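Examination of the molecular architecture
Residues per chain are reported as follows:
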Amino acid sequence: MITPVLLCGGSGTRLWPLSRKSYPKQFAEILGEDSLFQASARRFTGAGFADPLVITGDAFRFIVSEQLDDVGVTPSGILIEPEGRNTAPAAIAAALCAARRDPEALILLVPSDHAVADPDAFRAAVQAGAVAAREGRIVTFGIAPSRPETGYGWLEAGALTHEGVHELTRFIEKPDAARAAELFADARNLWNAGVFLASAETLIAAFREHAPEVFQTVSAALEAGREDLNFTRIDPDLWARVPEDSIDYAVMEKASNVSVVRFDDHWSDLGSWESVWQESPRDAAGNAISEHATAFDCENSLLRSEAGEVELVGIGLKNVVAVAMRDAVMVADMSESQNVKAAVQALKARGAKQATQLPVDHRPWGWFETLVLADRFQVKRIHVHPGAALSLQSHVHRSEHWIVVQGTARVTIDDEVKLVTENESVYIPLGAVHRMENPGKVPMVLIEVQTGSYLGEDDIIRYEDVYARS
């Protein structure tokens, strides 16, 4: 059996404004009804695959659980990184976790934000590489290139060692345009997909030899970790000492037992809006248009409105990306879409919250969005999942009015507990200890009106919380 290890801690700023630090691209529905993370989880299920191990950040742990539950995938574990340290520490942490159960177990390290048109073909490629992995090889996967891409690293495949498996001759850094054209002309050269397959003991041995400091510090941080609900938290103090490095630099470029499987079907890392355009259905003029977008006399453009109340209209556009959210709009020449990350950095420098925060704030019990924010009052829409409950809490600086507009809320205010149904309201005085719960089987939605001198999310004193948040 192969254990997929889904890496999903990245911030995904290259697909801003849809993807932001608070809710990055792997959790967004970019190419269909499933998020990229859900599609990745589905891709590695079935015969030959064990339940996945997920490695993510603290802010995303409940999103991971919820999205896996929505597609019927049960993880073998969810490992919480205190902070992102690149792919090498995550890789050896996964290997050490797998080795506790079975040192010979095969693990498949895979980013959770890739798009694969034919999942069956990719699973077949993984199974082809498993033969070499069981013999002590570290297997990576190279994509047959469709263009001289400068945004990917490349691999050079050597002699065939097993059916579908080659010696890996070398890793090649992201090239400039001229070098990319040379690489594209040689059939030995492949795009580096950043996917690796090896036994736990093989990967551990490689880290011991080539990245001993990473191995030792990760081992200590993992050993000092603790269980928290259904998650495993890595020790934050020890993790902070872990060298930050990619698995390519730390191990793969130094190891002599690396092989590559050539994958000839369609694949994309969705690393830019241009790549999203390439993967999206297009009309006769080459335009990819979302439900709330309209194109007049446009060519080869991507027009996406991610908010139902915002209609996006393009007129006379050629090779343009336009993405509209409720709180931000991005317009770029298609050829410049790789520079979105730099634009996000500029927004951060200005202190714009849109750089990192979506209008919708996801929580383990559901989500909320701010409809109006002004001096001394705020209006929110709050969505609570069936059976979910907010923490028992109080506020120092604000009072609240709740109006239920869908479903039924069980409301606690100090010593009183009562049901509030649709079209009913309740007042929460400043300082009152309170909680809302959804006791029903359908989502509960309410409008919250806050009034007070300070309306920040940190004005919360928690007394009880089923999600163990501090």
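Residues numbered from 1 in each chain as written. Predicted model: local features only at pLDDT ≥ 70, side-chain atom pairs only at ≥ 80, totals over all residues. Heavy atoms only, no water.

**Examining the domain arrangement of the chain**
Structurally, the chain comprises domain 1 (2-268), domain 2 (284-337) and domain 3 (360-464). Using only C-alpha atoms to locate each centre, domain 2 and domain 3 end up separated by 36 Å. (Domains from an automatic or database assignment.)

**So, the UniProt feature "domain: Nucleotidyl transferase" (unreviewed entry) in the chain**
Under the present numbering, the feature "domain: Nucleotidyl transferase" (unreviewed entry) in UniProt falls on residues 4-283. The annotated region residues 4-283 carries 35% helix and 25% strand content, and the separation between its end C-alpha atoms amounts to 36 Å. (UniProt positions renumbered as here; feature names shortened; annotations may be inferred. Helix = DSSP H or I, 4+ residues; strand = E, 2+ residues; numbered from the N terminus.)

**Some remarks on unusual backbone geometry**
Each neighbour pair has its own omega, and for Trp 16 with Pro 17 the value is 10°, a cis peptide bond. Note that Pro 17 resides in the loop between β1 (2-7) and α1 (36-43). One non-glycine residue, Leu 229, adopts positive backbone phi at about 55°. For Leu 229, the location among the structural elements is in the loop between β10 (226-228) and β11 (231-233).

**Notes on helix α4 (residues 119-134)**
Here α4 is 16 residues long and its end C-alpha atoms lie 22 Å apart, about the 22 Å a rise of 1.5 Å per residue gives. Of all the positions in α4, only Ala 121, Phe 122, Arg 123, Ala 125, Val 126, Gly 129, Ala 130, Ala 132 and Ala 133 are classed as buried. Among the residues of α4, the N-terminal cap falls to Asp 118, whose side-chain oxygen and the backbone nitrogen of Asp 120 are separated by 3.2 Å. Backbone geometry just downstream of α4 places Gly 136 in the positive-phi region, at approximately 95°. (Expected span 1.5 Å × (residues − 1). Buried < 20%, exposed > 50% of the residue type's maximum accessible area, 1.4 Å probe, protein only. Polar contact = N/O pair within 3.5 Å; in protein donor to acceptor, adjacent residues only side chain to side chain.)

**Re the packing of α1 against helix α2 (residues 61-70)**
Between α1 and α2, the shortest axis-to-axis distance is 10 Å and the interhelical angle comes to 55°. The orientation of α1 with respect to α2, classified from their angle, is oblique. As for how α1 packs across α2, the hand of that crossing is right-handed. Residues Phe 37, Gln 38 and Ala 41 of α1 touch α2, and the partners they reach there are Val 64, Gln 67, Leu 68 and Asp 70. A per-class count over the contact of α1 with α2 returns four nonpolar, two polar and one charged. (Axes fitted to C-alpha atoms, helices over the stretch in contact; angles between N-to-C directions. Parallel < 35°, antiparallel > 145°, perpendicular 65-115°, else oblique. Left-handed = near helix turned anticlockwise from the far one by under 90°. Contact = heavy atoms within 4.5 Å. Nonpolar A, V, L, I, M, F, W, Y, C, P; charged D, E, K, R; others polar.)

**Some words on the sheet that holds strand β19 (residues 329-333)**
For sheets, the rule is that strands pair by backbone hydrogen bonds, running either parallel or antiparallel. Within the open sheet, the four strands sit side by side as β14-β16-β18-β19. Their pairing is mixed. Every other strand in the sheet has two partners, leaving β14 (288-289) and β19 as the edge strands with one partner each. (Pairing = 2+ DSSP bridges.)

**Here's the deal with the environment of Leu 190**
Inspection of the secondary structure assignment puts Leu 190 in strand β9 (residues 189-199). Judged by its relative accessible area of 0%, Leu 190 falls in the buried class. Taking the C-alpha atoms as reference, Leu 190 lies 29 Å from Ala 98; in sequence the two are 92 residues apart. Discounting residues that sit within four places of it in the chain, Leu 190 has contacts with Gly 142, Ile 143, Ala 144, Pro 145, Gly 153, Trp 154, Leu 155, Ala 157, Val 260 and Arg 262.

**Some thoughts on the UniProt feature "domain: Mannose-6-phosphate isomerase type II C-terminal" (unreviewed entry) in the chain**
The sites that UniProt annotates as "domain: Mannose-6-phosphate isomerase type II C-terminal" (unreviewed entry) are residues 361-465. Measuring from the first to the last C-alpha atom of residues 361-465 gives 18 Å, for a span that is 0% helix and 62% strand.

**Quick word on the pattern of salt bridges**
Within the structure shown, the criterion is met by 25 salt bridges. For Arg 188, the salt bridge is made with Asp 186, and the minimal N-O distance between the two is 2.7 Å. For Arg 188, a relative accessible area of 44% gives the class partly exposed. (Salt bridge = Lys/Arg side-chain N within 4 Å of Asp/Glu carboxyl O.)

**A short note on the sheet that holds strand β22 (residues 377-384)**
On the basis of which strands lie adjacent, the open sheet formed by six strands has the order β20-β21-β22-β29-β24-β27 and antiparallel pairing. Two strands lie at the open edges of the sheet, namely β20 (360-363) and β27 (425-428), each paired on one side alone. Sheet twist, expressed as the average angle between the axes of neighbouring strands with direction ignored, equals 20°. In terms of strand pairing, β22 meets strand β29 (residues 444-452) through eight bridges, oriented antiparallel. Counted as the bridge partner of Lys 380 is Glu 448 from β29.

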